[in-house]
Amino acid sequence: MQIKNVMVVGAGQMGAGIAQVFAQAEYNVILHDLKEEFVQKGMDYISKNMNRQVEKERMTREAADAVIGRLKPSTDLNNAANVDLVVEAVVENLDIKAKLFTHLDDIAPDHAILATNTSSLPITEIAAATNRPERVIGMHFMNPVPVMKLVEIIRGLATTDEIYQLIEETTKTLKKTPVEVNDFPGFVSNRILMPMINEAIYTVYEGVAEPEAIDEVMKLGMNHPMGPLTLADFIGLDTCLFIMETLHEGFGDDKYRPCPLLRKYVKAGWLGKKAGRGFYQYN
């Protein structure tokens, strides 16, 4: 089987980034979302990235236009009827993802692979919503997708070796580095990263240090490019809370209990950079 035609479901920052890297790798890409305005926002994000590449002389105008030309906007899920691969990048909600995969299973051709970009939810449960669990797999891209090299490839319980190998090879064509991970809550990246962020929030909560000081310690002492609280603001504190809750529920271990201050900020609407305020204030 050869993958040529791809649909990305969800035109937010992650979905648009995924669509961009597939289009740059010369796949035909359908960028889908529920509303035209969402799709257009995703297309504008990609165009802006392409223009930046041209301005920095990393890409010719012709090459950038060719990338845009391989992208097709969509608000009709039936456009999945002729694709070889679907990559889902919608909100981190198991019920929503499961319902979407049930619909995609009905629409997509029998040979198509259904992949999810979930950052923490169980691949096996998502796959169980379909009649092709052996062709369901996790492709967890890192944000920002066009820049970050890692893709966690997560097998569900039923995912076949053939499908894993095909997705691994496809990931390499995107100039990304695939890493195989088994289906556990948070996989590897978020199982390690989110408790670190949560512990940084506890140090604020307990008055150990101010956010600026905590971030400086981790940057200067641990050589992290970004402090954990700045990173939390960038990811979104609601997303951090959701992943910690997934880890806490999935493992039943109190070491994954979300910090009360994290819950308080989310309830206050202080979600980080996207809301203008989190551990820091943004203009």
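Worth saying up front: this structure is predicted, and the values here are computed from it rather than measured. (Residues numbered from 1 in each chain as written. Predicted model: local features only at pLDDT ≥ 70, side-chain atom pairs only at ≥ 80, totals over all residues. Heavy atoms only, no water.)

Asker: It is not clear to me how a positive patch on the surface should be interpreted in this structure. Could you clarify?
Answerer: A cluster of basic residues, K48, R52, K56 and R58, forms a positive patch on the protein surface. Within the element layout of this structure, R52 appears in helix α2 (residues 36-55). (Patch = residues over 30% accessible without salt bridge, like charges linked within 9 Å, V, L, I, M, F, W, Y side chains within 5 Å. Areas by Shrake-Rupley, 256 points an atom, 1.4 Å probe, with all protein chains shown as cover. Salt bridge = Lys/Arg side-chain N within 4 Å of Asp/Glu carboxyl O. Lys, Arg positive; Asp, Glu negative; His and termini not counted. Charge placed at Lys NZ, Arg CZ, Asp CG, Glu CD. Helix = DSSP H or I, 4+ residues; strand = E, 2+ residues; numbered from the N terminus.)

Asker: Would you mind showing me how to read the nonpolar core here?
Answerer: The nonpolar side chains of soluble globular proteins are, as a tendency, buried together. Membership of the largest hydrophobic core comes to 37 residues, with the highest contact counts inside it found for F22, L85, V87, M139, F141 and I167. Ignoring any residue separated from it by four or fewer positions in sequence, one finds L85 in contact with I3, N5, V6, M7, F22, I113, A115 and I167. Judged by nonpolar contacts, the second largest core, of 22 residues, contains I197, L229, L262 and Y265. (Core = buried A, V, L, I, M, F, W, Y, C linked by side-chain atoms within 4.5 Å. Buried < 20%, exposed > 50% of the residue type's maximum accessible area, 1.4 Å probe, protein only. Contact = heavy atoms within 4.5 Å.)

Asker: Mind showing me how you'd approach helix α11 (residues 260-267) here?
Answerer: Along α11, the residues that are buried comprise L261, L262 and Y265. Down the axis of α11, the buried side of the element spans an arc of 105°, and every buried residue falls inside it. Exposed residues lying more than 90 degrees from the buried face of α11 are K264 and K267. Against the buried residues of α11 lie α7 (189-205) and α10 (237-251). Trailing α11 by a residue or two, G269 shows a phi angle of about 85°, which is positive. (Arc of directions from axis to C-beta.)

Asker: Looking at this structure, how should I read α10?
Answerer: Note: α-helices contain 3.6 residues per turn, so residues at a spacing of three or four share the same orientation. With 15 residues, α10 should reach 21 Å at 1.5 Å per residue; the first-to-last C-alpha distance of 21 Å fits that figure. Summarising the contacts, the buried residues of α10 are in contact with α7, α9 (228-235) and α11. Positioned one or two residues after α10, G252 has a phi angle of 65°, which is positive. (Expected span 1.5 Å × (residues − 1).)

Asker: Honestly, the side chain of T130 in this entry has me stumped. Any pointers?
Answerer: Tracing the sequence through the fold places T130 in the loop between α5 (123-127) and β6 (136-141). Here T130 falls in the buried class, since its relative accessible area comes to 7%. At 2.8 Å, the side chain of T130 forms a polar contact with the backbone oxygen of A127. If sequence neighbours within four positions are ignored, T130 has contacts with F101, D105, L114 and V136. (Polar contact = N/O pair within 3.5 Å; in protein donor to acceptor, adjacent residues only side chain to side chain.)

Asker: I tried to follow the UniProt feature "domain: 3-hydroxyacyl-CoA dehydrogenase C-terminal" (unreviewed entry) in the chain on my own but got confused; where do I start?
Answerer: The sites that UniProt annotates as "domain: 3-hydroxyacyl-CoA dehydrogenase C-terminal" (unreviewed entry) are residues 186-282. End C-alpha atoms of residues 186-282 are separated by 29 Å, and the span's content is 62% helix alongside 0% strand. (UniProt positions renumbered as here; feature names shortened; annotations may be inferred.)

Asker: Just checking my understanding: could you explain the pairing of strand β2 (residues 28-32) for this structure?
Answerer: The side chains of a regular strand alternate between the sheet's two faces. For β2, a buried count of 4 out of 5 residues is recorded, marking the element as mostly surrounded by other parts of the structure. In this view, the connection linking strand β1 (residues 5-9) to its parallel neighbour β2 by way of helix α1 (residues 13-24) has right-handed handedness. Judged from the 4 bridges that link them, β2 and strand β3 (residues 71-74) form a sheet pairing that is parallel. Looking at the pairing, V29 lines up with L71 of β3. (Right-handed = clockwise from strand over helix to strand, strands pointing away. Pairing = 2+ DSSP bridges.)

Asker: I'm lost on the packing of aromatic side chains in this one. Help?
Answerer: What characterises a pair of aromatic rings is the spacing of the ring centres plus the angle enclosed by the ring planes. For the structure on display, the rule yields 5 aromatic pairs. A centroid spacing of 4.9 Å and a plane angle of 35° characterise the contact between Y265 and F279, whose relative ring orientation is tilted. Note that Y265 is positioned in helix α11 and F279 in the segment after α11, a separation of 14 residues in sequence. Of the two residues, Y265 and F279, neither departs from the other in class, the shared state being buried. Members of the aromatic cluster, joined through ring pairs, are Y265, W270 and F279. For R155, the ring lying beneath its charged end belongs to Y164, and the centroid distance is 4.5 Å. (Phe/Tyr/Trp six-rings, centres within 6.5 Å; stacked < 30°, edge-to-face > 60°. Lys NZ or Arg CZ within 6 Å of the ring centre and 35° of its normal.)

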